[in-house]
Every structure is written in structure tokens, then in C-alpha cells.
Amino acid sequence: MPKPTVLAPAALPALITEQLSDRYELIELAEADDAAGVLAECAERVRAIVTQGAVVDRAYMEALPNLQIVANFGVGYDKVDAAAAAELGVIVTNTPDVLNEEVADTTLGLLLMTIRQLPQADQHVRTGAWVNDAFPLTPSSLQGRKVGIIGMGRIGEAIARRLEAFGVVPVYHTRTQRSHLDYTYYDNLLAMASDVDTLIVIVPGGPATQNLINREVLEALGENGILVNVARGSVVDEPALIKALQDKVILSAGLDVFADEPNVPQALIDMEHVVLLPHVGSASVPCRNAMGQLVVDNIVSWFQTGAPVTPVAETPVTVL
Ligand code: NAP
Ligand code: 8YV
């Protein structure tokens, strides 16, 4: 029996490529001089895709007639059309849970950096400005803030636990109330935005959440408002956010994700009162290794047992 062929449309961590190439024929398009030619040559053989950040839409999958599984490196799989995959009988897996604590840690770091202007304070020391002036007091504090979390799933809950440890009991908005949680629930996002002064966004990307945070929500949040987005750039209407920051409709923002990564609007870069991170929510070696191992485990489990480890909700298969 020939080894199954696994396609990597974009570059992957070595932990994944080393293990996959030991077991399978691994085709890495990022390494190919003629990626289109390589893809055309192997299309009939490809049984699995392993992807980090590449768009895997219906047309891409339809061009691979023997495709069985798409393993996504990341819990968010908005670049993979999982509904189309289900219709085509293709399994989709992601990397849930192994990154919850890391992403929640990053979120609290970003929240504190934004409220207390810690990157700006660091710059005050490095540029020598401290010799002449004390760093200005920050206009705001985490203490006494009312925090609303949009999305109370695996990572949202880990963020909420950390906020409680900081003396802040959050409220939350989702489409469905989480009955095991005591936090105040809002079925209406605008109502929550009006009642809080801090919003943390941790929902999936995709059409259902496109521009969920718009001008109206930012106006409801108000002039003391802080927005922290660790979800996907698509969830926030970025031009509306920029305008709201310029017009002081809200106070500040801490952003780990952007609409067109890695391109960040110059208007945001030019603002001194926002904190911008290059999508590093899960970006530690231990966390990315755990994610990578789960990708490998899904592929190996699929080919050995016919069942993936962590299929996404749209995928109609039984979890092992
Ligand atoms: P999860 O467990 O599936 O939780 C998602 C939460 O969002 C659920 O509470 C869900 O509740 C809510 N939600 C979904 N659609 C919504 C909508 N239209 N309006 C309001 N709430 C909605 O996912 P997770 O593991 O916590 O991950 C969440 C997302 O974080 C990922 O999909 C990814 O995009 C992002 N992420 C970013 C980083 C980073 O590096 N910045 C790292 C990891 C993950 P309902 O279904 O009841 O609405
Ligand atoms: C990763 C993420 O940066 O898991 C996710 O959804 O956004 C992050 O953990 C990404 O998936 C890997 O590129």
C-alpha cells in the first residue's frame, strides 16, 4: 500500500512536518518553486490537508477528489469552509482546549497593557524621557471596571476566571446562555455594551460574527470604553473602530487580531493610545507544540482508526 498523501498548502511548524513526513508522503507547497504545478500533479493522491492560515474553500476541496480530512492548526477554523466539507463528506478538525490558558493569559496581559499603558511606559524608560518627566498617570484602572465578555466558550471561561482573580466579576453575551455559569448573561449585545465600560471579544470569526462590533456597539460602550479583541479581525468593523478612537467615542483598544493580517492600518499604528499585538494569543513554544501535536494526532488517528480526535461541530463523526 502506498503511503497516504498529505498536503500542506502553507508553511507548518517543524513539529508537524517532521512527524507527518515520517509516516506519509507530505507535500509542502510553500517549499515548491511551482506550487500550482505540484498541486495539479498530486491532486488525485491527496487524502489529507494540514493547514495553518490558508483558505480551504469548497473549490479547493472539490479539486482534490480523494480528500478525506482537513486538519486545522488553530482552534479558529474560519478559513476552512467546514459546512462545504461536511457536504463533501470531508472531516474537519481543529485544536481546542490545549490553548485556552495561554490565550486567556495573553488576553489579561493585553487588557492590563491597554488600561495601564504599559508598552508606552516601557518606551518612556527606553527613550530616556523619564529623566525629564514622570510617566503620566493613566486615566483609567482595571479596578472598578465593568467588563463584558463577548463569547463565553472554552477561552472565554478561562478569561472570566482570571478576571475574578483580579477582583472583577465579568458579565457576558453569547447567543445561548451558559446555564452552569453564575455570571450575568445578556442576550442582547447592545444592552451589555451600554452597561459595561470594557469589552473583550473571544468569538469565532466567519459570516455569523462579521462586524459584530460596529459603530453602534462602540457608541454604547462610551467615552471611557476599552475594546480588547483577541478573536478575529473580521469580528470588528475596523474602519468604524478607527473612527471611534480618533473621535474619542471610546478611550482605547487592545488588539491582537486585524482584518487583513499581517497588514495593520497605518491609522492604528499612528495612535499612541492603543496597544497592538501581532496575533500572539497562543504564541509560546509549549502552547504551539501542544497544538501541533493535536494536529498530528488527528491525522494519525484518522488513518489508523477512521476517527479523528477533535472534529469541529459541523463534522458529522463520532469522537474517539
Ligand atoms: P468556543 O469554545 O467555540 O466558544 C465560542 C463562544 O462564542 C461561545 O460561547 C459561543 O456561544 C460564542 N459565539 C459564537 N458565535 C457568536 C455570535 N454570533 N454572537 C455571540 N456569541 C457567539 O471557542 P474558543 O475555543 O473559546 O475560541 C474562540 C475563538 O477565539 C476562536 O474561534 C478563534 O477565532 C479565537 N482565537 C484567537 C486566538 C488568538 O491567538 N488571538 C487564539 C485562539 C482562539 P454561542 O454559540 O451560544 O453564541
Ligand atoms: C493561532 C488562533 O495563532 O487557534 C487560533 O484560532 O488564532 C491562534 O492560536 C493560529 O491558529 C495559528 O496560526
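Relevant structure appears above.
Bear in mind that the values here come from a model prediction, so they are computed numbers and not experimental data. Note that residues are indexed from 1 along each chain, following the sequence as it is written. Whichever chain is written first is A, and whichever ligand is written first is 1; the rest continue in order. Per-residue local features are limited, in this predicted model, to residues with pLDDT of at least 70; the limit for side-chain atom pairs, both in listing and counting, is 80 or more; totals at the level of whole chains, interfaces and linings are taken over all residues. By convention in this description, side-chain values take in all heavy atoms of the structure and omit both hydrogens and water.

Peer 1: Explain the site of ligand 1 to me, using residue names and the numbers behind them.
Peer 2: Think of it this way: one heavy atom of a residue within 4 Å of a molecule or strand is enough to make that residue near it. In the vicinity of ligand 1, 26 residues are found, and the nearest of them are Arg154, Ile155, Arg175, Val230 and Asp256. Under the rule applied, a polar contact is a pair of N or O atoms within 3.5 Å (in protein, one hydrogen donor and one hydrogen acceptor; residues adjacent in sequence only if both atoms are side-chain atoms). One of the backbone N or O atoms of Met152 is found 3.0 Å from an oxygen atom in ligand 1. Residue Arg154 places a side-chain N or O atom 2.9 Å away from an oxygen atom belonging to ligand 1. Methods summary: accessible areas were calculated by the Shrake-Rupley approach with a probe of 1.4 Å, and residue burial reflects only the protein chains presented. Contact with the protein chains removes 88% of the 920 Å² of surface that ligand 1 exposes when unbound.

Peer 1: For the environment of Ala54, give the residues involved together with the corresponding values.
Peer 2: Here Ala54 shows up in the loop between strand E3 (46-51) and helix H3 (58-62). Here the alpha-carbon distance between Ala54 and Ala11, two residues 43 residues apart in the chain, equals 9.2 Å. Note on conventions: DSSP H or I runs of at least 4 residues are helices, E runs of at least 2 residues are strands, and numbering of each starts at the N terminus.

Peer 1: Would you mind going over the packing of helix H5 (residues 100-116) against helix H6 (residues 118-126) in detail, with residue names and values included?
Peer 2: Two elements in contact, H5 and H6, have axes separated by 6 Å at closest approach and are oriented at 60 degrees. On H6, the residues that touch Leu112, Met113 and Arg116 of H5 are Leu118, Pro119 and Gln120. Amino acids outside the nonpolar list (Ala, Val, Leu, Ile, Met, Phe, Trp, Tyr, Cys, Pro) and the charged list (Asp, Glu, Lys, Arg) are all regarded as polar, and Gly is one of them. A class-by-class count of the residues in the contact of H5 with H6 yields four nonpolar, one polar and one charged. Only the stretch in contact is used when a helix axis is fitted, and all axes are lines through C-alpha atoms; the angle between N-to-C directions ranges over 0 to 180 degrees. In what follows, a contact means two residues having at least one pair of non-hydrogen atoms within 4.5 Å.

Peer 1: Could you give me a rundown of the sheet that holds strand E10 (residues 226-229), with the residues and numbers involved?
Peer 2: Only when DSSP finds a minimum of two bridges between them are two strands counted as paired. Overall, parallel pairing links the seven strands, which are arranged E8-E7-E6-E9-E10-E11-E12 in an open sheet. In the strand order of this sheet, the two ends are held by strand E8 (185-186) and strand E12 (275-276), each with one partner. On the sheet, helix H7 (residues 154-165) packs against strand E6 (147-150) and strand E9 (198-201) and is oriented at approximately 165 degrees with respect to E6.

Peer 1: Describe the packing of aromatic side chains, and please don't skip the residues or the numbers.
Peer 2: Aromatic pairing here means that ring centres of Phe, Tyr or Trp (its six-membered ring) are within 6.5 Å. Orientation follows from the plane angle: under 30 degrees is stacked, over 60 is edge-to-face, and everything else is tilted. For the structure on display, the rule yields two aromatic pairs. Aromatic pair Tyr172 and Tyr185: ring centres 5.2 Å apart, planes at 50 degrees, arrangement tilted. One end of the pair, Tyr172, is in strand E7 (residues 171-173); the other, Tyr185, is in strand E8, and 13 residues separate them in sequence. For the residue pair Tyr172 and Tyr185, the accessibility class agrees, reading buried in each case. Note on exposure labels: buried denotes an accessible area under 20% of the residue type's maximum, exposed denotes more than 50%, and partly exposed covers the range between, all computed with a 1.4 Å probe on protein chains only.

Peer 1: Just give me the short version of the site of ligand 2, but keep the residues and values in it.
Peer 2: Around ligand 2, the structure places Gln52, Phe73, Gly74, Val75, Gly76, Leu99, Arg232, His279, Ser282, Arg288 and Met291. Residue Arg232 places a side-chain N or O atom 2.8 Å away from an oxygen atom belonging to ligand 2. For ligand 2, an oxygen atom lies 2.7 Å from a polar atom in the side chain of Ser282. Burial of ligand 2 by the protein chains amounts to 84% of its free accessible area of 330 Å². The residue makeup of the shell around ligand 2, split by class, is four nonpolar, five polar and two charged.

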